[in-house]
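# Report on the structure
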Amino acid sequence: MATSTSSKLCKAVKQQYMDLPQGDKVQAMYIWIDGTGEGLRCKTRTLDSEPKTIEDLPEWNFDGSSTYQSEGSNSDMYLIPQAMFRDPFRRDPNKLVLCEVLKYNHKPAETNLRQMCKKIMDMVLNQHPWFGMEQEYTVLGTDGHPFGWPSNGFPGPQGPYYCGVGADKAYGRDVVEAHYRACLYAGVKICGTNAEVMPAQWEFQIGPCEGIEMGDHLWMARFLLHRVCEDFGVVASFDPKPIPGNWNGAGCHTNFSTKEMREDGESPTLYIEESIERLAKRHQYHIRAYDPKGGLDNARRLTGHHETSNINEFSAGVANRGASIRIPRSVGQEMKGYFEDRRPSANCDPYAVTEALVRTCLLNEEGEELVKYK
């Protein structure tokens, strides 16, 4: 299996330098979403002291013509810090900084979906929307071949790999364990992980997160995964259907609830049922919002097979993993809780997904067009 040349460099030599004292200076790595809406970029600057709040971090800029975000004749883009995390690679007091991208005129870049998502979330603060997102991904070699798969063939059929244990069932657990610990150190709200149905496919879960925090924490978790894979010389793919044929695709199932759905009161399940009814009437809008290519990526995954619903049909059911919306069995028993939207693709933008859910379920938007708010 092909691994990167960089991963073969001597890490012990690097560590000699990483152990050197850095004085009072702090390294802050600024991270942003590039013009593809899927890729992440980063660069580092030196700060004179450890930032304690997001307000302590200066704005910065970069060349947008090299990230698919501007033309060379007007290429300056602005990085606006929005969320700060501990750096598990350089360690304290160094920081990771998730940024929004603004264009030369200080308007949001096309792939900066955070700004509008934050505005929508601020409109429903009193409803306390909680999200939990289940991020599936596939570990690949640098040649695009799934990690651990025979070079000229396929592993045994699906069945023994989901939550599997053993060298012939779990492919790449070192990556998973390293990523988990990196998330915990950074302060990312990771709440679990497991091997998935297809060999070399894994999942981690982020949440519960309230409002805009969901997108911030999932994007940072993705960045950490890419960095961990870089050290191991492999690639993390969020392609919704990395291997054609009789193999599971990769999604980002999104769990959603409000205060009224979660707490004892007058018919919490009624709020859940009303939300699902609204989602049923706006299926195509959500399909377009749930992958960065407006549904084209998800069309390869949402076939009605391999634990998915059909992309052209809306469905809901209790404990049904072949439905658009799954209602956990515990909700029927406890008469409160949450529901799971199984449609988002693995490469979705969590800002777009969470915004769409709030618009439809809480702001009661209808039809295919977005409502523009002042």
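Owing to the predicted nature of the structure, the values given are computational and were not obtained by experimental measurement. (Residues numbered from 1 in each chain as written. Predicted model: local features only at pLDDT ≥ 70, side-chain atom pairs only at ≥ 80, totals over all residues. Heavy atoms only, no water.)

## Examining the pairing of strand 2 (residues 40–47)
Here strand 1 (residues 26–33) pairs with strand 2 via eight bridges, running antiparallel. Bridging from a neighbouring strand, Trp32 pairs with Arg41 of strand 2. In this structure, the hairpin formed by strand 1 and strand 2 is closed by a connection of six residues, where Gly37 is found at a positive phi of approximately 80 degrees. (Pairing = 2+ DSSP bridges. Helix = DSSP H or I, 4+ residues; strand = E, 2+ residues; numbered from the N terminus.)

## Thoughts on the UniProt feature "domain: GS beta-grasp" (unreviewed entry) in the chain
According to UniProt, the "domain: GS beta-grasp" (unreviewed entry) feature falls on residues 24–106. In this annotation, residues 24–106 is assigned 0% helix and 47% strand; the end-to-end C-alpha distance for the span is 33 Å. (UniProt positions renumbered as here; feature names shortened; annotations may be inferred.)

## A look at the environment of Gln127
Mapping Gln127 onto the fold places it in the loop between helix 2 (114–123) and strand 6 (130–140). Taking the C-alpha atoms as reference points, Gln127 and Ala352, separated by 225 residues in sequence, lie 19 Å from one another. Other than its neighbours up to four places away in sequence, Gln127 contacts Thr258, Lys259, Glu260 and Leu362. (Contact = heavy atoms within 4.5 Å.)

## Observations concerning the UniProt feature "domain: GS catalytic" (unreviewed entry) in the chain
Residues annotated by UniProt as "domain: GS catalytic" (unreviewed entry) correspond here to residues 113–374. A distance of 17 Å separates the end C-alpha atoms of residues 113–374, which is 34% helix and 17% strand.

## Some details on the environment of Arg227
On the secondary structure map, Arg227 appears in helix 4 (residues 213–232). On the basis of relative accessibility, which here comes to 14%, the residue Arg227 falls in the buried class. Spatially, the C-alpha atoms of Arg227 and His179 are 8.8 Å apart, while their sequence positions differ by 48 residues. Among the polar contacts made by the side chain of Arg227, one reaches the side chain of Asp231 at a distance of 3.2 Å. (Buried < 20%, exposed > 50% of the residue type's maximum accessible area, 1.4 Å probe, protein only. Polar contact = N/O pair within 3.5 Å; in protein donor to acceptor, adjacent residues only side chain to side chain.)

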